[in-house]
Amino acid sequence: MADLCLLFDSDGTLVDSEVLLADAMVSTLPRYGLPFTTERYLNEFRGIRFLNIVRVLEAVHGEMEAEPLRQMESEMRALLEEHMKVRLTSMPGIPEALMALSGYPCGVVSNGPERKVRLALESTRLARFFDGHIFSAYTLGVWKPDPRIYRLAAEQMGFSPSRCVVIDDAIVGVQAGLDAGMHVIHFAHHEDGLGTPPGALRMRHARELPGLVAQISQHISAQG
């Protein structure tokens, strides 16, 4: 087994939360003058920082004042937590894949707040696979697609980028991993029309993950 660290995205990779997030935004943003749909989130904004989504909408519908913006985000996140506590599930095949990969150190690297990531892992009983290794953009101060988010996580896990495997469903995360100089597996369980960037391996179901990690491990071992 190669000396590898596995760095997982959370939303849409470990947990099936993308539709829940979209639902919370659809229920909240229009009340503050920002029309929004589930389809638009899934097709255009998957994995993107919430504030950046708001900025795109503001460019069309007008800029919000700081206090309404704060209140809107607070309401959206509270509603999302309610959805997660009741409706959140892990992605199909992820618990089994994590069990098969339990010999590797694993971390979660997310554009979401740490509170949200911890709730997701606890609600789906996946927290046991990560030993507290959670890296939130809100804590690190850098968001995907900036590669520094994955480099900082790798550094804190004690691994060089070349010894890290990123598993991410969103193109912003895939690109961040590639630009960080890491091995990347694109969890392409959804069709967003963007394809898989060159340099990343493509995975359609989590059952493929142990085999792909073994392939990367063998490649690294062959290189010495």
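The shown structure was predicted, so the numbers you read here are calculated from the model rather than taken from an experiment.

J.: Explain the pattern of salt bridges to me, please; I cannot follow it from the model alone.
T.: Oppositely charged side chains can form a pair if their charged atoms are brought close together. Summed over all chains, the structure comprises 12 salt bridges. Among the salt bridges present, the one from Arg 77 reaches Glu 73, with a minimum N-O distance of 2.9 Å. With a gap of four residues between them, Arg 77 and Glu 73 both fall in helix H4 (residues 66–87), about one helical turn apart. Classification of Glu 73 by relative accessible area gives partly exposed; the value is 23%.

J.: Could you clarify how one ought to interpret the side chain of Asp 168 in this entry?
T.: Mapped onto the secondary structure, Asp 168 falls in strand E4 (residues 164–168). Looking at Asp 168, the relative accessible area reads 1%, which means it is buried. A distance of 3.0 Å separates a polar atom in the side chain of Asp 168 from the backbone nitrogen of Ala 170. The residues contacting Asp 168, other than those within four sequence positions of it, are Asp 9, Thr 13, Lys 144, Tyr 150, Gly 173, Val 174, Ile 185, His 186 and Phe 187.

J.: Help me understand helix H10 (residues 209–223), please; the structure alone is not making it clear to me.
T.: For the α-helix, the turn length of 3.6 residues means that residues three or four positions removed from each other point alike. Its 15 residues give H10 an end-to-end C-alpha distance of 21 Å, which sits within 8% of 21 Å, the value for a rise of 1.5 Å per residue. Those residues of H10 lying buried are Leu 209, Leu 212, Val 213, Ile 216, Ser 217 and Ile 220. Down the axis, H10 shows its buried residues gathered within 140 degrees of arc, on one side only. Of the residues in H10, the exposed ones pointing more than 90 degrees away from the buried face are Gln 218 and Ala 222. Check the buried side of H10 and you find it contacts strand E1 (5–8), helix H5 (94–100), E4, strand E5 (183–187) and strand E6 (201–203).

J.: Help me out: how do you make sense of H4 in this one?
T.: Across its 22 residues, H4 extends 31 Å between first and last C-alpha, which sits within 8% of the 32 Å expected from 1.5 Å per residue. Looking only at H4, the buried set comprises Leu 69, Met 72, Met 76, Arg 77, Leu 80, Glu 81, His 83 and Met 84.

J.: When you look at the nonpolar core in this model, what are you seeing that I'm missing?
T.: Looking at soluble globular proteins, one finds that nonpolar side chains tend to be buried together. Ranked by size, the top nonpolar core spans 54 residues in total, and within it Leu 14 and Phe 130 carry the most contacts. Beyond its immediate chain neighbours, meaning those up to four positions away, Leu 14 contacts Phe 8, Asp 9, Ser 90, Met 91, Ile 94, Leu 98, Val 108, Leu 121, Leu 126 and Phe 130. Counting residues in hydrophobic clusters, the runner-up holds 22 residues, among them Cys 5, Val 109, Phe 135 and Ile 149.

J.: Any chance you could explain the packing of aromatic side chains here in plain terms?
T.: Two descriptors summarise a pair of aromatic rings, namely the distance from one centre to the other and the angle between the planes of the rings. The full count for this structure, using the stated rule, is three aromatic pairs. Judged by centre distance (5.8 Å) and plane angle (85 degrees), the rings of Phe 8 and Phe 130 are edge-to-face. With a gap of 122 residues between them, Phe 8 in strand E1 and Phe 130 in the loop between helix H6 (114–123) and strand E3 (134–136) connect regions that are remote in the sequence. What makes Phe 8 buried here is its relative accessible area of 0%. Overall, the relative accessible area of 1% leaves Phe 130 in the buried class. Stacked on the ring of Trp 143, the Lys or Arg Arg 49 has its end atom at 3.5 Å from the ring centre.

The rules we used
- Residues numbered from 1 in each chain as written.
- Predicted model: local features only at pLDDT ≥ 70, side-chain atom pairs only at ≥ 80, totals over all residues.
- Heavy atoms only, no water.
- Salt bridge = Lys/Arg side-chain N within 4 Å of Asp/Glu carboxyl O.
- Helix = DSSP H or I, 4+ residues; strand = E, 2+ residues; numbered from the N terminus.
- Buried < 20%, exposed > 50% of the residue type's maximum accessible area, 1.4 Å probe, protein only.
- Polar contact = N/O pair within 3.5 Å; in protein donor to acceptor, adjacent residues only side chain to side chain.
- Contact = heavy atoms within 4.5 Å.
- Expected span 1.5 Å × (residues − 1).
- Arc of directions from axis to C-beta.
- Core = buried A, V, L, I, M, F, W, Y, C linked by side-chain atoms within 4.5 Å.
- Phe/Tyr/Trp six-rings, centres within 6.5 Å; stacked < 30°, edge-to-face > 60°.
- Lys NZ or Arg CZ within 6 Å of the ring centre and 35° of its normal.

These values are about where atoms sit, not about what they do.
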